[in-house]
Amino acid sequence: MNTRGKVFKYPDNVDTDVIIPARFLNTPDAKELALHCMEDIDPEFVKKVQTGDVIVGGWNFGCGSSREHAPLVIKTCGIGCVIAKSFARIFYRNSINIGFPILECAEAAEEIDADDEVEVNFNTGVITNLTTGKTYKAQPFPPFIQNIIKSGGLLKSLRESENNG
Amino acid sequence: MGMTMTQKILAAHAGLDKVADGQLIAAKLDIVLGNDITTPVAVNEFKKAGFDKVFDQDRVAIVLDHFVPNKDIKAAEQSKICREFAGSHCISHFYDVGKMGIEHVLLPEQGIVTAGDCIIGADSHTCTYGALGAFSTGVGSTDMAAGMATGKAWFKVPSAIKFNLTGKLPPNCSGKDVILTIIGSIGVDGALYKSMEFTGDGVHGLSMDDRLCICNMAIEAGAKNGIFPVDDVTMGYLNGRSERTPVVFEADTDAEYERIIDIDLATIVPTVACPHLPENTCPASELHDIEIDQVVIGSCTNGRIEDMEAAYNILRGKEVAAGIRCIIIPGTMQILRECVERGWYTAFIDAGAVVSTPTCGPCLGGYMGILAAGERCLATTNRNFVGRMGHVASEVYLASPHTAAASALAGYITEYKGV
Ligand code: SF4
């Protein structure tokens, strides 16, 4: 499993209110919500984003509300992966639970620039900055969590383990 | 090496004698909670995965609070999804308009959550119930769906920061000033992934409403949960209220903490968090040049009876400053009713404030007090992020009900001095 694309770079403490403002949360429809992804911090984002692109954040990415809509709209926009120095815990577990890969790597998050081209391998945790040629190694997920992501989310993995057991 | 209070509750719910920091566990859940925003997503996931019944109809709570009475057609559709799901699964703790309250004010009030519980809620402020001596944490909608289906959730066992509280709060301060002071000192990720365990002699002098407010904002320091020990104040609150028998857990004396922070409550001052992060704190007394357009007293942080009482004591017989919109939102129908019965409702109106039915409303920029560009609000809510209460160019300052009410009278940010 991997992704390859251009980087959108954001600062520390990107909160779920700017990822998807609450004023749009009167619908659970992911495609409709995705039209407003990052709107309050980067109005250009939805116009420019392409499938496979990567978001790079700072410390505490995804802090604030528990809205699963946040990782969901990022995923729905076509972003292949988020790399950050650290993630807020609910955003982290929501991403895993919906089968969306996110990687913690402070060095990569510091050095990778906006518009760089990067490739991320989720199995190995290796991040390659194709623009500079530099590679980074993120913390790989524990097997339990790898399983959830591989199955495509928590509920699918629960279903699979029920069927196997 | 011993376990923290949180670790002990988690171990008991995972059926293990011992758990350690970083361990992944599956724990049994006592209550699974959702609201009108997060439940529709959970219902969708639940159905998509092919589940057809909830693990226990008495252990799921669904509360319509964010956008009700419905603010628009889309919100009405979301409420309808919740209502139909609750109906078809015979969910006993379903709270609709007329019975509802803001979830984190309502669940403790109604005795649905209790000491020793392991609780998840698809709302980040689910950490509030730690005040009762429970492990309680916010999750997303998929976790809610899985929790409703299986009665279990996965957790990474957290390490803890211990807050050793001593002394007694000054009369113009409350739990809100304590938690804002803490977040100001450790930062919005100061407790990331960790438990905030509050202990010490100072705990006894904190009311249940103070403790609920303090645990409510644990998430604003990035914490997984906040938790208080169970004492006679807790038991006094739970007795006659709790649906289930409270179970008391205590931290081991040799429990290990990542950090121990001492706080003398007597040194706390009225504190305000300036835009756009809850960690940007400053004494209210240093902000007298900040003029405001709106004051909101309410939310899951400060919509409880003591908060209404603080507002009443300051506003009664006075008048809100010209040009200030003062919006008061009691957290539940029961609190609203008490405000009416005690004559506070009338006093609020006489002071020039408006009183709303319980709702999250302006707290998350939903409705009932949205800000225009350039406007500034002092609110007793818990988040002051960019655009949280309306336009991206508006500002939210966070404070206690004392500070909010005093500022409504002044027209600028000020501490309450009249005690
Ligand atoms: S009052 Fe505000 S913080 Fe509390 S549950 Fe409602 S929206 Fe969330």
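Use the structure listed above.
Here's a quick rundown of the structure. Because the structure is a prediction, the values reported are computed rather than measured. For every chain, the first residue of its written sequence is number 1, and the numbers climb from 1 along that sequence. Chain labels run from A onward and ligand labels from 1 onward, assigned in the order the entries are written. Residues qualify for local features only when their pLDDT is at least 70, as the model is predicted, and side-chain atom pairs are given and counted only at 80 or more; totals for whole chains, interfaces and linings, by contrast, use all residues. For side-chain calculations, the full set of non-hydrogen atoms in the structure is used, while hydrogens and water are omitted.

1. Focus on the packing of helix H4 (residues 69–76) of chain A against helix H5 (residues 89–97) of chain A
All names here are of chain A.
Alright, step 1. The contact between H4 and H5 brings their axes to 8 Å, and the two run at 50 degrees. Classified by the angle their axes make, H4 and H5 are oblique. For the element pair H4 and H5, the recorded crossing hand is right-handed. The segment H4 lies against H5, with Ala70, Pro71 and Ile74 engaging Phe91, Asn94 and Ser95.
Alright, step 2. Of the residues belonging to the contact of H4 with H5, the class tally is four nonpolar, two polar and no charged. A fitted line through C-alpha atoms represents every axis, and for helices the fit uses only the stretch in contact; the resulting angles, taken between N-to-C directions, go from 0 to 180 degrees. Put simply, DSSP H or I for four residues or longer makes a helix, DSSP E for two residues or longer makes a strand, and each gets a number counted from the N terminus. Comment on the angle field: the value is read as roughly parallel under 35 degrees, roughly antiparallel over 145, roughly perpendicular from 65 to 115, and oblique elsewhere. By convention, the crossing between two helices is left-handed when the near helix turns anticlockwise from the far helix through less than a right angle, and right-handed when the turn is clockwise. By the convention used here, residues are in contact when the closest approach between their heavy atoms is within 4.5 Å. When residues are grouped by polarity, Ala, Val, Leu, Ile, Met, Phe, Trp, Tyr, Cys and Pro land in nonpolar, Asp, Glu, Lys and Arg in charged, and all others, Gly among them, in polar.

2. Some remarks on the sheet that holds strand E9 (residues 195–199) of chain B
Residues and elements named next belong to chain B.
Alright, step 1. Any two strands between which DSSP finds at least two bridges are classified as paired. With parallel pairing, four strands are arranged side by side in an open sheet as E10-E9-E8-E11. Every interior strand has two partners, whereas the edge strands, strand E10 (225–227) and strand E11 (259–264), have only one. Taken over all neighbouring pairs, the strand axes of this sheet differ in orientation by 20 degrees on average, direction set aside.
Alright, step 2. Alignment of strand E8 (residues 160–166) against E11, held across six bridges, turns out to be parallel. Within E11, the residue paired with Asn164 across the bridge is Asp262.
Alright, step 3. Here helix H6 (residues 175–186) sits on the sheet in contact with E8, E9 and E11, set at roughly 130 degrees to E9.

3. Digging into the environment of Ile25 of chain B
All names here are of chain B.
Alright, step 1. Following the sequence through the fold, Ile25 ends up in strand E1 (residues 24–28).
Alright, step 2. A relative accessible area of 6% places Ile25 in the buried class.
Alright, step 3. A C-alpha to C-alpha distance of 24 Å links Ile25 and Asn216, two positions 191 residues apart in sequence. Remark: exposure states derive from per-residue accessible area (1.4 Å probe, protein chains only) relative to the maximum for the residue type, with buried under 20%, exposed over 50%, and partly exposed in between.

4. Some remarks on the packing of aromatic side chains
Alright, step 1. Only rings of Phe, Tyr and Trp enter the pairing, Trp through its six-membered ring, and a pair is recorded when the two centres are within 6.5 Å. The plane angle decides the type: under 30 degrees is stacked, over 60 is edge-to-face, the rest tilted. Within the structure shown, the criterion is met by 13 aromatic pairs over all chains.
Alright, step 2. Between Tyr92 of chain A and Tyr193 of chain B, the ring centres sit 6.2 Å apart and the planes meet at 75 degrees, which makes this aromatic pair edge-to-face. In this pair, Tyr92 of chain A sits in helix H5 while Tyr193 of chain B sits in the loop between H6 and E9, so the two residues belong to two different chains.
Alright, step 3. With relative accessibility at 17%, the residue Tyr92 of chain A sits in the buried group.
Alright, step 4. Judged by centre distance (5.7 Å) and plane angle (70 degrees), the ring pair of Phe144 of chain A and Trp154 of chain B falls under edge-to-face. Within this pair, whereas Phe144 of chain A is found in helix H7 (residues 143–151), its partner Trp154 of chain B is found in strand E7 (residues 152–156), the two belonging to separate chains.
Alright, step 5. Given the relative accessible area of 8%, Trp154 of chain B is considered buried.
Alright, step 6. Members of the aromatic cluster, each reached through a chain of ring pairs, are Phe61, Phe87, Phe91 and Tyr92 of chain A together with Tyr193 of chain B.

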